[in-house]
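# Commentary on secondary and tertiary structure
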Amino acid sequence: MGTPELRICHLYPELMNIYGDRGNVIALAQRCRWRGYGVRVTPVSLGDGLDPTEHDLYFIGGGQDREQILVCEDLAREKGDALRQAVEDGAALLSICGGFQLLGDHFLTYTGEDLPGISLFDAKTAGGDARFIGNVAVESGLEGVEGVLVGFENHSGRTYLGSGCRPLGGVIRGYGNNGEDGQEGCVYRNAIGTYLHGSLLPKNPRLADWLILRALRRRHDLDELPRLDDSLEEAAHRAALELTLREKRRRGVSP
Ligand code: GLN
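Please read all numbers here as calculations on a predicted model, not as lab measurements. (Residues numbered from 1 in each chain as written. Predicted model: local features only at pLDDT ≥ 70, side-chain atom pairs only at ≥ 80, totals over all residues. Heavy atoms only, no water.)

## A closer look at the pattern of salt bridges
Counted by the stated rule, this structure contains 13 salt bridges. Here Arg 35 makes a salt bridge to Asp 209, at a shortest N to O gap of 2.8 Å. Of this pair, Arg 35 sits in the loop between helix H1 (23–34) and strand E2 (38–44) while Asp 209 sits in helix H4 (residues 205–216), and the two are 174 residues apart along the sequence. As a salt-bridge pair, Lys 79 and Asp 74 come within 2.4 Å of each other at their nearest N and O atoms. Each member of the pair, Lys 79 as well as Asp 74, carries the same accessibility label: buried. When salt bridges with common partners are traced through the structure, they connect Arg 31, Arg 35, Asp 209 and Asp 230 into a single cluster. (Salt bridge = Lys/Arg side-chain N within 4 Å of Asp/Glu carboxyl O. Helix = DSSP H or I, 4+ residues; strand = E, 2+ residues; numbered from the N terminus. Buried < 20%, exposed > 50% of the residue type's maximum accessible area, 1.4 Å probe, protein only.)

## Things to note about H4
Residues separated by three or four positions in an α-helix point in the same direction, a consequence of the helix having 3.6 residues per turn. For H4, spanning 12 residues, the distance from its first C-alpha to its last is 16 Å, which sits close to the expected 16 Å at 1.5 Å a residue. Most of H4 sits out of view: 10 of its 12 residues are buried. What H4 keeps buried is the set Pro 205, Leu 207, Ala 208, Asp 209, Trp 210, Leu 211, Ile 212, Leu 213, Ala 215 and Leu 216. (Expected span 1.5 Å × (residues − 1).)

## Describing helix H5 (residues 231–251)
Over its 21 residues, H5 runs 30 Å from end to end, which matches the ideal 30 Å to within 8%, given 1.5 Å per residue. Listing the buried residues of H5 in full gives Glu 233, His 237, Ala 240, Leu 241, Thr 244 and Glu 247. Viewed along the axis of H5, the buried residues span an arc of 120 degrees, placing them on a single side of the element. Away from its buried face by more than 90 degrees, H5 exposes Leu 232, Arg 249 and Arg 250. Buried residues in H5 make contact with H1, strand E7 (123–140), strand E8 (148–161), strand E9 (169–173) and H4. (Arc of directions from axis to C-beta. Contact = heavy atoms within 4.5 Å.)

## Remarks on the pairing of strand E1 (residues 5–11)
Burial runs high along E1: six of the seven residues are buried. Direction of pairing for E1 relative to E2: parallel, over a ladder of seven bridges. Its bridge partner lying in E2, His 10 is registered against Pro 43. Following the backbone out of E1, through H1 and into the adjacent parallel E2, one traces a crossover that is right-handed. (Pairing = 2+ DSSP bridges. Right-handed = clockwise from strand over helix to strand, strands pointing away.)

## Focus: the layout of surface pockets
Of the volumes computed, that of the largest pocket is approximately 520 Å³. Of all the elements in the fold, those that place two or more residues in the lining of the largest pocket are H4 and H5. By residue number, the principal contributor to the lining of the largest pocket is H4, which donates six residues. Here the lining of the largest pocket is composed, by residue class, of seven nonpolar, four polar and 11 charged. (1 Å grid on protein atoms, 1.4 Å probe; cavity = no way out; pocket = protein on both sides within 12 Å on 5 of 7 lines; lining within 4 Å. Points joined across faces, edges and corners; volume = space filled by probe spheres on them. Nonpolar A, V, L, I, M, F, W, Y, C, P; charged D, E, K, R; others polar.)

## Concerning a positive patch on the surface
On the surface, Arg 246, Arg 249, Arg 250 and Arg 251 cluster together into a patch of positive charge. Its location among the elements puts Arg 250 in helix H5. (Patch = residues over 30% accessible without salt bridge, like charges linked within 9 Å, V, L, I, M, F, W, Y side chains within 5 Å. Areas by Shrake-Rupley, 256 points an atom, 1.4 Å probe, with all protein chains shown as cover. Lys, Arg positive; Asp, Glu negative; His and termini not counted. Charge placed at Lys NZ, Arg CZ, Asp CG, Glu CD.)

## Points about the packing of aromatic side chains
Scanning the entire structure with this criterion turns up four aromatic pairs. Pairing Phe 132 with Tyr 175 gives two aromatic rings, centres 4.2 Å apart and planes at 0 degrees, and the pair type is stacked. Here Tyr 175 lies in the loop between E9 and strand E10 (183–184) and Phe 132 lies in strand E7, a separation of 43 residues in the sequence. A relative accessible area of 8% places Phe 132 in the buried class. According to the relative accessible area criterion, Tyr 175 is partly exposed, its value standing at 24%. Positioned above the aromatic ring of Phe 132 is the side chain of Arg 158, whose terminal nitrogen or guanidinium carbon lies 4.0 Å from the ring centre. (Phe/Tyr/Trp six-rings, centres within 6.5 Å; stacked < 30°, edge-to-face > 60°. Lys NZ or Arg CZ within 6 Å of the ring centre and 35° of its normal.)

## Brief notes about the sheet that holds E1
Spatially, E2-E1-E3-E4-E12-E11 is the arrangement adopted by the six strands of the open sheet, whose pairing is mixed. The strands lining the two open edges of the sheet, one partner per strand, are E2 and strand E11 (186–188). The sheet shows a mean angle of 15 degrees between the axes of neighbouring strands, direction not considered. (Axes fitted to C-alpha atoms, helices over the stretch in contact; angles between N-to-C directions.)

Okay, structure coming up:
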């Protein structure tokens, strides 16, 4: 079977990329290279075709409502079907904020546009009058990624999950999906949606490896990934968590 190669599809890189979201792709690729694995990153954007068998891991970042309108129209063509098929077939996927919203059933923006999603996630989003902004700490509910995830959120959309998917975790500090039910993000098969920008993966390396392992297992017989020296990543995680918890203590109440 040879040296593993991770084939990443970076969706709408020029449109859906805020708060350093592209850093997630850099982290995924670098963690593979450090292990001696091959990596291929393919940008796929408006009007491009999408072959559901050609990639192991899909990434879509966050974007403003304006960009989401363009992307939503493009996803509604054959890309949405291809993405759903790839995830049903075991591909890994990470979607952040605006990208996450478009993979649910629909996103009703605060200004009244109803953007249909591709229903990969059983989730609905509606924009609210106040934005949810700040650092976030989440108790991970993902099997194989124990502990706390850290990130930064900035969204007006409130997302509510249906019974067809489960949350990524429970909010320790921050607003999460909707500021009401304590849930953050969404998991369906090997696909994750989350509001955490940051970039997320450089300072949550176990989540990065969860995605890489599941993506590679599509075509390679791997039990686990070789461990890396994550002392810098863990120091970044600790610093972000300490800052976030300090803010929570200062405010006294959640979020
Ligand atoms: N436009 C969306 C919202 O405000 C997503 C923003 C983002 O991706 N940060 O809810």
